[in-house]
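# Residue-level structure breakdown
Below are the chains, spelled out letter by letter.
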Amino acid sequence: MNLSSALHSKIFHIVNICSNKIKQESYVIGGYVRDFLLGKKNSRDLDILTIGEGIRLAKEVSRYIIPIPKIQVFKRFGTAMLEYNNQKIEFVGARRESYHFYSRKPIIELGSLQEDQKRRDFTINSLAISLNNDNYGELIDPFGGMLDLKKKILRTTLDSDITYSDDPLRMMRAIRFSTELQFMIEKSSFKSIKKNKNRINIVSKERIIDEFNKILLSKKPSIGLSLLYKSGLLSIILPELTSLQGIEELNGYKHKDNFDHTLQVIDNISKEKSNSIWLRWAALLHDIGKSHTKKFVPEIGWTFHSHEFVGSKMIPNIFQRLKLPKGMIMKYVKKMIKNSYRPVALIKDETSDSAIRRLLFDMREDIEDLIKLCIADITTKNKEKKDRYKRNIFVLMDRIKKLEERDRIKNWKSPISGNDIMNVFNVHPCKKIGIIKNFIKDSILEGKIPNEFNSAYLLMLKKGEELGFKKKQ
Ligand code: ATP
Ligand code: MG
């Protein structure tokens, strides 16, 4: 089959010229070919395979591009990367790999095109298109990748047990591709993932999270999360999530399956068209406190009292274990979980403006994300209830919008600073300054004074004097 229509970018002609010049055969291989055959225009990156040295070809190619791009060389792997038209282009020499059982780092030797195609994880990822003069544009498909693409099947190029045991990250990749492309993992291959699941422990957290995040960022993350669950991988990576699975019934009282519920919430968030990976993490973990707070109360049923609070406390450990970012990002996820029920609690006619102002003050610019999470959290199958819950949230959003327009709480900064207080009363830093500042903040949030300097100043004088300060003359 000739696929020269896949080679419209100038870069392929440049590689063709350079390959001829240095007498190294070259091919475009992997994701780009797969995505082209699937009709996808924007492949994440482009892999060029050459029979010989990848670094040598990259250097040659760079000389034909204006301005000459910088080449990133990875000597240890024998690969080189350059950017062309905002696309990352990776050059790699064909190789053969063999693995040691206790490590995922292979022993690498130079190899032929077919040996290189064989070491690629799935048949659909082993497809190559020739960039050589004698068969330019020809599809080279020794493992039936094209047929698997048509059948929407993920099949390993080699025996599945060997593939997954050699580099256990491929188990995550199988599930990730299955989620992104909505392909089936071949039955025997999935069995092999179940069998090899514990080998995931030899893979670094960074590589695992890379694939996990791609699953979370897909259109329907629940596909991947269910596969991770069924394979047994999820209970190794995130046991906090799998422990939410299950329904218990006592004296006629039942609670929902919180794992299934979580999957629906994360699919809902994805439909909301939010591409924020951290909002998706917040959705994923928003109920993890439930397994620790579950209680049966006679005459009432199952309760999960304070699960948002308990769940948010679990975040630092999870983030540390999975090597997820600390600092602002972790704080954001924690905050989202901790406050995940507050908007719903505010849905009452008699809710005061000050309660809404407090929520705005605590959430600041993350209020929109919190509302998105609350909407995604509505998973009831009862249409009447669902519509009512959504309507309630829209009414709340309207109140939030109006209050924000009037009182500007989201970017609130106290009209009076600690320095102002120290200057006016001629005092050094002490606890009382904080008390005055908090008093001003509370009075504004409670609507006792407007959010402006003069009123805050008068209040500061009053509170300061109450605390024994005297205004500087
Ligand atoms: P995408 O870039 O869309 O995530 P991709 O298939 O291009 O998908 P990459 O991680 O960019 O994935 O890898 C490029 C190619 O390298 C793959 O298509 C596959 O042929 C091969 N490959 C990547 N990782 C592995 C692995 N762990 N085991 C075997 N082959 C791999
Ligand atoms: Mg790629």
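Quantities reported herein were computed from a predicted structural model and do not represent experimental measurements. (Residues numbered from 1 in each chain as written. Chains lettered and ligands numbered in written order. Predicted model: local features only at pLDDT ≥ 70, side-chain atom pairs only at ≥ 80, totals over all residues. Heavy atoms only, no water.)

Right, let's talk about the overall build of the chain for a bit. When its secondary structure is counted, the chain shows 24 helices and 15 strands. Taken over the C-alpha atoms alone, the chain extends approximately 90 × 65 × 40 Å along its principal axes. Considering the chain as a whole, with its 473 residues, one finds that 50% of them fall into the buried category. Considering only residue pairs separated by 6 or more positions, the chain has 67% of its internal contacts joining residues 24 or more positions apart. If you sum the accessible surface of the chain, you get close to 24,600 Å²; carbon and sulfur atoms cover 52% of it. (Helix = DSSP H or I, 4+ residues; strand = E, 2+ residues; numbered from the N terminus. Buried < 20%, exposed > 50% of the residue type's maximum accessible area, 1.4 Å probe, protein only. Contact = heavy atoms within 4.5 Å. Areas by Shrake-Rupley, 256 points an atom, 1.4 Å probe, with all protein chains shown as cover.)

For any pair of aromatic rings, the description rests on two quantities: the centre-to-centre distance and the angle between the ring planes. Under the defined criterion, the tally for this structure stands at 11 aromatic pairs. Here the aromatic rings of Phe361 and Trp412 are separated by 5.5 Å at their centres, their planes lie at 70 degrees, and the arrangement is edge-to-face. With Phe361 in helix α19 (residues 353-363) and Trp412 in the loop between α21 (383-407) and α22 (418-425), the pair connects residues that are 51 residues apart, well separated along the chain. By the ring-pair criterion, three or more aromatic residues cluster together here, those being Phe212, Trp278, Trp281 and Phe319. Lying over the aromatic face of Phe177, Arg176 brings its terminal NZ or CZ to 4.2 Å of the ring centre. (Phe/Tyr/Trp six-rings, centres within 6.5 Å; stacked < 30°, edge-to-face > 60°. Lys NZ or Arg CZ within 6 Å of the ring centre and 35° of its normal.)

Bridging between strand β14 (residues 294-297) and strand β15 (residues 301-304) involves four bridges; their strand directions are antiparallel. Bridge pairing in β15 links Lys295 to Thr303. Counted between consecutive antiparallel strands, the loop separating β14 from β15 contains three residues, among which Glu299 sits at a positive phi close to 70 degrees. (Pairing = 2+ DSSP bridges.)

Here Asn86 is to be found in the loop between β4 (79-84) and β5 (87-93). Note on Asn86: relative accessible area 76%, which makes it exposed. Spatially, the C-alpha atom of Asn86 lies 19 Å from that of Glu60, the residues being 26 residues apart in sequence.

The strand order across the open sheet built from seven strands is β3-β4-β5-β2-β1-β8-β9, with neighbouring strands paired in mixed fashion. Two strands bound the open sheet, and with one partner strand each, they are β3 (72-74) and β9 (139-140). Bridge count between strand β8 (residues 128-130) and β9: two bridges; the pairing is antiparallel. Bridging across to β9, Ile129 finds its partner in Leu139. Contacting β1 (26-29), β2 (45-50), β4 and β5, helix α1 (residues 10-22) runs over the sheet at an angle of about 15 degrees to β2. Packed on one face of the sheet, helix α3 (residues 54-62) meets β1, β2, β3, β4 and β5 and runs near 140 degrees to β5. (Axes fitted to C-alpha atoms, helices over the stretch in contact; angles between N-to-C directions.)

Let us look at the domain arrangement of the chain. Segmenting the chain into domains produces domain 1 (4-151), domain 2 (152-237) and domain 3 (418-466). For domain 2 versus domain 3, the distance between C-alpha centres works out to 57 Å. (Domains from an automatic or database assignment.)

Around ligand 1 there are 17 residues in total, and Arg34, Asn125, Asp167, Arg170 and Arg176 lie nearest to it. Asn125 places a main-chain nitrogen or oxygen 2.8 Å from an oxygen atom of ligand 1. Arg170 is positioned such that a nitrogen or oxygen atom in its side chain is 2.7 Å from a nitrogen atom of ligand 1. Protein burial of ligand 1: of its 580 Å² of free accessible surface, 85% is covered by the chains. Elements that contribute at least two residues to the shell around ligand 1 include exactly α2 (31-37), β2, α7 (169-181) and α9 (205-216). In the shell around ligand 1, the residues fall into one nonpolar, three polar and 13 charged. Split by domain, the residues of the shell around ligand 1 number at least three in each of domain 1 (4-151) and domain 2 (152-237). (Near = heavy atom within 4 Å. Polar contact = N/O pair within 3.5 Å; in protein donor to acceptor, adjacent residues only side chain to side chain. Nonpolar A, V, L, I, M, F, W, Y, C, P; charged D, E, K, R; others polar.)

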